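Remarks on the overall topology
Here is how the chains run, residue by residue.
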Amino acid sequence: MNDFQQKLRHSGVGRWFYGRETGEQKIIFGLLCFVVACLVWITIWKPVSDWRAIEVNRQQNAQQLFDWIRKNEQAARQAARGSASKGQGRSLIPVITKAAAAHNITVNRLQPESNGVISVALQQQSFNQIVTWIAQLEENNGVSVERASMDSQDNPGYVNAQIRLN
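The text that follows walks through the structure, step by step, so that each part is easy to find. Counting starts from 1 at the beginning of each chain's written sequence and moves along it residue by residue. Where totals are concerned, whole chains, interfaces and linings use all residues; where local detail is concerned, this predicted model gives features only for residues with pLDDT of at least 70, and gives and counts side-chain atom pairs only at 80 or more. By convention in this description, side-chain values take in all heavy atoms of the structure and omit both hydrogens and water.

Remarks on the side chain of glutamine 125
This is how the line gets drawn: The way it works is that DSSP assigns letters per residue, a run of H or I at least four long becomes a helix, a run of E at least two long becomes a strand, and they are numbered from the N terminus. Under this definition, polar contacts are N or O atom pairs within 3.5 Å; protein pairs additionally need one hydrogen-donor-capable and one acceptor-capable atom, and for neighbouring residues in sequence, both atoms have to be side-chain atoms. Any two residues whose heavy atoms approach within 4.5 Å are treated as being in contact.
By the secondary structure assignment, glutamine 125 is in strand S2 (residues 118-126). For glutamine 125, the side chain forms a polar contact with the main-chain nitrogen of threonine 106, separated by 3.1 Å. A distance of 3.0 Å separates the side chain of glutamine 125 from the backbone oxygen of glutamine 123, its partner in a polar contact. Excluding its chain neighbours within four sequence positions, the residues that come into contact with glutamine 125 are Asn104, Ile105, Thr106, Ile130, Gly157, Tyr158 and Val159.

What about the side chain of serine 126?
We apply this condition: Only protein chains enter the accessibility calculation, which uses a 1.4 Å probe; a residue is then buried when its area is under 20% of its type maximum, exposed when over 50%, and partly exposed in between.
By the secondary structure assignment, serine 126 is in strand S2. Judged by its relative accessible area of 15%, serine 126 is buried. Dropping the residues within four chain positions of it, serine 126 is found in contact with Gly157 and Tyr158.

Describing the layout of surface pockets
Put simply, the rule reads: Only protein atoms enter the 1 Å grid, on which a cavity is a set of points fitting a 1.4 Å probe that cannot get out and a pocket is an open set with protein on both sides within 12 Å along at least 5 of 7 lines, lining residues being those with an atom within 4 Å of a point. Grid points are joined across faces, edges and corners, and a volume is the space filled by probe spheres set on the points. Residue polarity is assigned by list, with Asp, Glu, Lys and Arg as charged and Ala, Val, Leu, Ile, Met, Phe, Trp, Tyr, Cys and Pro as nonpolar; anything else, Gly included, falls into the polar class.
As a volume, the largest pocket reaches approximately 220 Å³. When contributions to the lining of the largest pocket are tallied by element, the ones reaching two or more residues are helix H2 (12-18) and helix H3 (22-86). Of the residues contributing to the lining of the largest pocket, the split by class is seven nonpolar, two polar and no charged.

Quick notes on a nonpolar patch on the surface
Quick reminder of the rule: Here the term patch refers to residues with relative accessible area over 30% and no salt bridge, with like charges joined within 9 Å and nonpolar side chains (Val, Leu, Ile, Met, Phe, Trp, Tyr) within 5 Å. Method for areas: the Shrake-Rupley scheme with a 1.4 Å probe, in which residue coverage is limited to the protein chains shown. By definition, a salt bridge exists where a carboxyl oxygen of Asp or Glu is found within 4 Å of a side-chain nitrogen of Lys or Arg.
Taken together, the side chains of Phe29, Leu32, Val36, Val40, Ile44 and Val48 present a nonpolar region at the surface, about 550 Å² in accessible area. Classification of valine 36 by relative accessible area gives partly exposed; the value is 44%.

Examining the pairing of S2
Within a regular beta strand, the side chains point alternately toward one face of the sheet and then the other, so they alternate between its two faces. Here is the rule we go by: Paired strands are those between which DSSP finds at least two bridges.
S2 sits mainly inside the fold: seven of its nine residues count as buried. Across five bridges, strand S1 (residues 107-112) lies against S2 in antiparallel orientation. By the bridge assignment, glutamine 111 is partnered in S2 with serine 119. Counted between consecutive antiparallel strands, the loop separating S1 from S2 contains five residues, among which glycine 116 sits at a positive phi close to 90 degrees. Looking at chain direction, S2 and strand S4 (residues 158-165) are connected through seven bridges and run antiparallel. Bridge assignment links glutamine 125 to a residue of S4, and that residue is valine 159.

This is the structure:
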């Protein structure tokens, strides 16, 4: 340690430092300690502290998600069994659009709903074609009509329809 102090005293910085008055040396030493403390805080303490806070937050979020999944696991299993037994595992939209195209029906709007029902809007379509299309969907694909609403048009035999398929 004495060897280091001797080398420091004889270096340019040491000669400059030890050439100052004692009060100035204390101020310079205090500033040096402050700068070193700031550098340690900026380069080591702050990044580690931020990282720890982020990781604690991630862990809490993961735990909350895990708890929610555990809490709702049984309901999800029952819903999966229920939808599999009802045949809801298939996608109705391609079935509906292919059958509509086969019967020359133009679908104006197709809207899936959260409960698995598909809402279909038809405008100025032949009533007979709609009825055969729905019958084919029920017979060949097991698609049932939950609700249907049809309004007549000026053109005889043509209707506007709102149909909910399940």
